[in-house]
Structures are given as structure tokens and as C-alpha cells.
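A look at the structure
Read off the chains here:
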Amino acid sequence: MRKILVIGIGAGNPEHMTVQAIGALNRADVLLIPTKGDEKAYLAAVRRDICDRFLTNADCRILDYSVPVRRADGAYADGVHDWHRAIAAIYERTLLGEVGEDQTLGLLVWGDPMLYDSTLRIIEHVRTAGNVTFETEVIPGITSVQALCAGHGIALNRIGLPVEITTGRRLSEGWPGTARDALVMLDGVQAFRTVDDPEAEIWWGAYLGTPHEILLSGRLADMAETITETRRKAREEHGWIMDTYLIRRPASEEGAA
Ligand SMILES: C[S@@+](CC[C@H](N)C(=O)[O-])C[C@H]1O[C@@H](n2cnc3c(N)ncnc32)[C@H](O)[C@@H]1O
């Protein structure tokens, strides 16, 4: 039976590749690499670097594909749904046209496939369409959350306390949930500026794991402007940015024990 190997490749440093991920890379008969725009060109370059460094299977074929553009008009959910269907159609065509009955297709997923990534959901669209049968195997990768915590040398959680993992869009609508710690990803609006707590602290990281990595931390009220300005300049310089941050608000005595 055909197989799809979903390989977590880490968050920007080729050396995030685990031994298991390198093994999986070399089991693939075909690797499918997405390309799109400035940001994706860099991400594609990291994937190519990973292949150059770790791929020793000379028979493996690397195929590029252009990621369909997500429609920005209409309802967000509809746009995402159509976008996923379009990518599912590419996966299906590749499986049927490029991957033999007993061969393996490898997908290189940024960070880990379980964290704000739709590859596994898209694969389920292909499966339910029913035009091709295959099994799936997932190889975990180092996430941007781990790269952030490692960069700052901090633990993600305080003892016995929860952490809410959320998006910038959600944080901009108000502090999420009951946790006093929020790990924020996918933030195009610098939602940390909406947190009005004089005692909150922030640990921010951009381009984590890459040669452009920037780390800033401190009291949120003191750092918000510096981070906003640093982010703006870096984005201007590189043409793209990916950043992640942890905000920690004081916890009750009981919770912080
Ligand atoms: C679509 S999500 C993918 C997350 C990925 N699956 C992971 O495990 O980290 C993209 C978001 O992850 C975060 N991210 C991914 N790589 C990053 C990096 N190298 N530096 C900073 N943030 C990163 C950013 O918040 C970005 O908006």
C-alpha cells in the first residue's frame, strides 16, 4: 500500500532534524516541497538545505509544488476549507501520478505536524475522497514553542500551572481562558500590545533557530514598543517574519506553589 510520511523538520534550524526524521526522509520515494512568496521561499530553502544535508537515498525524487493562494474574500472558514481542498487535490494527484502502489510520499512539515498545521487534516480530505488508499505515519519535530523556550532558557509552564496556546487574533479579542500564561503564535497584529497588566512579562522570539534569530524579554509594559519596532524593522529587512511569544501574568499564591 502507498504511504504518506509526515515528517516534522523543526522550526528553522536544519539541525533540529531528529535521527528519526532523517531516517524517515531517506525512506521516501518522493518528497513534495511547497513554494510560495518570500516567506515560503525561505521555508522551501530550509527544506532543500535539509535534503542536501541529510538525504542519502539517491533514488528519492524531490518535486516542488506551488501552494494555492487562500481566498481572502468571504468567510474565513470557507476560504480555509477551499484552500485545504486545493492542496488535497495536489496530494492526491501526486500519489496517483508519481508514487507507485508500494511507494512512500514524504511531506516535510515545519516544526511539528500537531501544532497549528493542517497537513494531517488535508491528508484526511484525500483519504475520505476515496480515490487512493494509503497509510499515514507521523514523525514528530521540534516546534517553534520549544525553540522559543530553549532560546530564552526557560520552562514553558510554571509548576502545576496550565499554559494556553493561542493565536494573535484570539489574544487581540481579550485574554484567553483561565490560564495566566499564554503562548501566542500566528500573530500578525502584535496582540501583546492589548494586554493591559503592569506585572505581565514577555519572552519573544523571531526567526527562531535561523541565523536571523532575535530574542527579547522583560516586563511587557517596558518591552512592547521595543518588540513592535524590532519586529517592524526585521520584517522590512527580510521581507517576512515569523514570531512567537510567551506572556506570563502573576499567578495566585496557590497556583504558583
Ligand atoms: C502555521 S504555524 C506552524 C507552527 C509549527 N508547526 C511549529 O511546530 O512550530 C506558524 C507559526 O509558528 C510560529 N513559528 C514557526 N516557526 C517559527 C520560527 N522559526 N520563529 C518564530 N516563530 C515561528 C509563528 O508564530 C508562526 O506564525
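Our subject in this report is the structure included herewith. Sequence order sets the numbering: in each chain, residues are counted from 1 along the sequence as written. Note on the predicted model: pLDDT of at least 70 is required for a residue's local features to be given, and 80 or more for side-chain atom pairs to be given and counted; whole-chain, interface and lining totals, by contrast, use all residues. Remark: hydrogens and water are excluded; side-chain values derive from all non-hydrogen atoms of the structure.

Each nonpolar core is a collection of buried residues, namely Ala, Val, Leu, Ile, Met, Phe, Trp, Tyr and Cys, held together in the definition by side-chain atoms within 4.5 Å. Any residue under 20% of the maximum accessible area for its type is buried, any over 50% is exposed, and the rest in between are partly exposed; the area is computed with a 1.4 Å probe on protein chains only. Counting residues in each nonpolar core, the largest one holds 44 residues, and the members touching the most others are I202, Y245 and I247. Helix and strand labels come from DSSP, where a helix needs a run of H or I of at least four residues and a strand needs a run of E of at least two; each type is numbered from the N terminus. Examining the composition of this core, we find that seven residues originate from one element, helix α2 (residues 37-54), more than from any other. Mapping this core onto the domain boundaries places at least three of its residues in each of domain 1 (2-142) and domain 2 (145-248). Note on definitions: a residue-residue contact is assigned when non-hydrogen atoms from the two residues lie within 4.5 Å. Residues within four places of Y245 in sequence aside, it is in contact with L148, L171, A182, L183, V184, D187, A191, F192, I202, W203 and W204. Counting 20 residues, the second-largest nonpolar core is a separate cluster that includes Y65, A88, V109 and F134. Reported domain spans reflect what an automatic or database domain assignment gives.

DSSP bridges decide pairing: two strands pair if at least two such bridges lie between them. One open sheet accounts for five strands, arranged β3-β2-β4-β1-β5; its pairing is parallel. Here the strands that pair on one side only, and so sit at the sheet edges, are β3 (61-66) and β5 (134-139). Mean inter-strand twist for the sheet, computed between neighbouring axes without regard to direction, equals 25°. Most of the contacts of helix α3 (residues 76-98) go to β3, to which it runs at about 150°, and overall it touches β1 (2-8), β2 (30-35), β3, β4 (104-109) and β5. Here the axes come from fitting lines to C-alpha atoms, over the contacting stretch only for helices, and the angles between their N-to-C directions go from 0 to 180 degrees. Contacts from helix α4 (residues 119-129) reach β1, β4 and β5, with the element oriented near 175° to β5.

This brings us to the site of the ligand. Being near a molecule or strand, for a residue, means having at least one of its heavy atoms within 4 Å of it. Lining the immediate surroundings of the ligand are 16 residues, of which A11, L115, S144, D243 and T244 lie closest. Two N or O atoms form a polar contact when they lie within 3.5 Å of each other; inside protein one atom must be a possible hydrogen donor and the other a possible acceptor, and for residues adjacent in sequence the pair counts only when both atoms belong to side chains. W110 is positioned such that a nitrogen or oxygen atom in its side chain is 2.9 Å from a nitrogen atom of the ligand. All accessibility values rest on the Shrake-Rupley procedure with a 1.4 Å probe; residue burial counts only the protein chains present in the view. In isolation the ligand has 560 Å² of accessible area, and contact with the protein removes 90% of it. Among the residues making up the shell around the ligand, the classes are represented as nine nonpolar, five polar and two charged. When we break the shell around the ligand down by domain, the ones giving at least three residues each are domain 1 (2-142) and domain 2 (145-248). Each residue is assigned to one of three groups, with Ala, Val, Leu, Ile, Met, Phe, Trp, Tyr, Cys and Pro labelled nonpolar, Asp, Glu, Lys and Arg labelled charged, and all others, Gly among them, labelled polar.

This part covers α3. Helix span, as expected, comes to 1.5 Å for every residue beyond the first. Spanning 23 residues, α3 covers 32 Å between terminal C-alpha atoms, matching the ideal 33 Å at 1.5 Å per step. Of all the positions in α3, only G79, V80, H84, I87, A88, I90, Y91, E92, T94 and L95 are classed as buried. Its buried side turned inward, α3 meets β1, β2, β3, β4, α4 and β5.

Only one rule defines a salt bridge in this text: a Lys or Arg side-chain nitrogen within 4 Å of an Asp or Glu carboxyl oxygen. Across all of its chains, the model carries 15 salt bridges by this definition. Between E137 and R27 there is a salt bridge, with the nearest N and O atoms lying 3.0 Å from each other. Of the two residues, E137 sits in strand β5 while R27 sits in the loop between α1 (19-25) and β2, which places them 110 residues apart along the sequence. Relative accessible area serves as the criterion here: at 23%, E137 is assigned to the partly exposed category. Looking at R27, the relative accessible area reads 39%, which means it is partly exposed. For D222, the salt bridge identified is with R219, shortest N-O distance 3.0 Å. On the accessibility criterion, R219 (37% relative accessible area) is partly exposed. Connected through salt bridges with shared partners, the residues K3, R27, E135 and E137 form a single ionic network.

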